[in-house]
Amino acid sequence: MSKYSKEDILRLAEEEDVEFIRLQFTDIFGMLKNVAITSSQLEKALDNRCMFDGSSIEGFVRDDESDMYLYPDLDTFEIFPWRPQQGKVARLICDVHRPNGSPFEGDPRYVLKKALNHAKKLGYDFYVGPECEFFLFHLNDEGLPTTMTHEKAGYFDVGPLDFAENVRRDIVLNLEDMGFEIEASHHEIAPAQHEIDFHYNEGLITADNIMTFKMAVKTIAKRHGLHATFMPKPKEGVNGSGMHINFSLFDENGKNVFEDPRDSRGLGLSKTAYRFMAGVLGHIEGMALLTNPLVNSYKRLVPGYDAPIYMAWTPSASKSCVMRIPTARGNNTRVELRSPDSAMNPYLTLAVILEAGLDGLGHAHELPAPVTTNLYRTSEAERKVKGIHQIPETLGEAIDAFEADPFIRRVLGEHIYTKYLEAKKEEWREFRAQITDWEVSQYLYKY
C-alpha cells in the first residue's frame, strides 16, 4: 500500500515550504543523478511529464533515442533535513521510462523490480540489511579530497581518539530524520574508517536507502570540512571498506522462511535457506564484477585485512569465507554475504543476489559442506582437496567470470550487460597501461 498520493505530496510541499525538488535516478555504475525542479513544476513531475536527455548519461542510450522520462516513486518523497528550513529541498527517486511509457531496460531500478516481482510470484519477499563502511579524510587547502587523517583510532574506539564521533552522530541524526532506522554506528578497524548499519527492509527500499545513505554521508561530511569516500581501498596497509549484505526471504504471512528449528545440521536453517545460499555461491564468481566493480575493489580482497576471499560458507564468525551465518534466529535469521563493497550499484547487485538464490531454489542446488577453520591459515593443497577456490583476484579475472556465466546476462538484460561489460573492459585496459609508483621503485634501478 502506498504511503503517499500525488495530492499528499503537493500538500506536503506547500505546508513544508519546499522550493526545490530533486528527481533522482541511478546510472548503471551506481552513480546518483538528478534533475532539479522548482515547486511550480512539481505537479508536472508527478504526472510523469519531466523529460531528460538519456544520451548524456553513460551507459544509457544513443543520441538518436535520447528522450527519457522520469516517473517518480511517490513513496520516496523526503525533505533533506540538512538544507535550509526556508525554501526547503526535497527529493523523489524515479524510474526511467521511454517516451512510449514502457520501462527503460537500462534503468538499474527496473532490473531489481523485475527480480523482486519474480520472487513475489514464487511467494517470497526479499529483505536486505546492509553494513556500510566508509572513510572520512581531510580536504587540502584548495578544498580537494586527500587520504590524510590525523586520528589513530581503531575498532569501537570513542572520542577523543575517534575524532569524527560528532560527524557520525550528525549523519545518524539526519538519516533518522529521513525515516532510517539506524541499528548501530561505530569506528571501524582502520584510522578514519567508520560503519553505520541500518535495519533490514524490503529489497527496493534498501537499495534506495543505500543510495540516499551515500549521498547523506558525503554531504554531511563536507559540512564538517571532511571528505567521505566509499572507495574500497583508499590506503595501502590498512583494512578496506566493504558493504556486507544480510539477506533473507519472507513468505506471504510474514514468516522468515530461512529459519527451521528442526534443521538436521543443527544451525536452525531451512532447506530453502541452504538452497538459496547454494545458488548465490554457484554464481559468486560471475557476479564479482557487480559486487566488486572497480580495479581498486580487488586491492581490498587480499589476505591479512579481514576481507573474504574464498568461495565458501561458514556457520562461525570466520572472516575468510564470502558467506557466513549470523547467530540471530526467528525473523532475524539471515545470511551475510561479505564480499561486496560500497562501490557497487545496489540495484544490480541485489537483483543478481536474489535471482541467484532463486536459481538455487528452482534447481534444488545442494550446498557444499561448511568451513569450520580459518582458511587464511590453510595451505593451497588443503583447500584444493576440499574444492575451495578463491574469488577473482583482479578486475580482469572478474570480467572473464562475468562473461563465462550466461545467468548474469539473463538477469541484467542485454542492454545493461553489454554497456556495463564494455565500460569495465575499458577500465581494465586503461589500468593495465598505467605505470605505478611500486613498479618504478622496484624495477627502475634493477634493470
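Refer to the structure above for everything that follows.
Residues numbered from 1 in each chain as written. Predicted model: local features only at pLDDT ≥ 70, side-chain atom pairs only at ≥ 80, totals over all residues. Heavy atoms only, no water.

Caption draft 1: Expanded view of unusual backbone geometry. A positive phi angle, near 75°, is found at A192, a position not held by glycine. Within the secondary structure layout, A192 lies in the loop between β8 (182-187) and β9 (193-198). On the accessibility criterion, A192 (1% relative accessible area) is buried. Phi angles above zero are rare outside glycine, and A364 is one such case at about 50°. On the secondary structure map, A364 appears in the loop between α9 (346-362) and α10 (380-385). (Helix = DSSP H or I, 4+ residues; strand = E, 2+ residues; numbered from the N terminus. Buried < 20%, exposed > 50% of the residue type's maximum accessible area, 1.4 Å probe, protein only.)

Caption draft 2: Up close: α9. With 17 residues, α9 ought to run about 24 Å at 1.5 Å a step, and its terminal C-alpha atoms sit 24 Å apart, in line with that. With 16 of 17 residues buried, α9 lies mostly within the body of the structure. A distance of 3.0 Å separates the backbone nitrogen of Y347 from a side-chain oxygen at the start of α9, and that oxygen is part of N345. Remark: A364 follows α9 within two positions and exhibits a positive phi of approximately 50°. (Expected span 1.5 Å × (residues − 1). Polar contact = N/O pair within 3.5 Å; in protein donor to acceptor, adjacent residues only side chain to side chain.)

Caption draft 3: Quick peek at the environment of A221. Residue position: A221 is located in helix α5 (residues 203-223). Each C-alpha atom of the pair A221 and D170 lies 9.0 Å from the other, and the pair is 51 residues apart in sequence. In this view, A221 contacts L136, V167, L226 and A228; residues no more than four positions away in its chain are not counted. (Contact = heavy atoms within 4.5 Å.)

Caption draft 4: Just the nonpolar core, in detail. Residues F126, F213, F247, F276 and V280 are the most contacted members of the largest nonpolar core, which totals 104 residues. Within the second largest apolar cluster, 22 residues are counted, among which are L12, L23, A45 and M68. (Core = buried A, V, L, I, M, F, W, Y, C linked by side-chain atoms within 4.5 Å.)

Caption draft 5: Region of the structure containing the environment of M215. Within the fold, M215 resides in helix α5. Along the primary structure M215 and L32 are separated by 183 residues, whereas in three dimensions their C-alpha atoms are 8.1 Å apart. Each residue touching M215, except ones within four places of it in the same chain, is listed here: R22, Q24, L32, F80 and W82.

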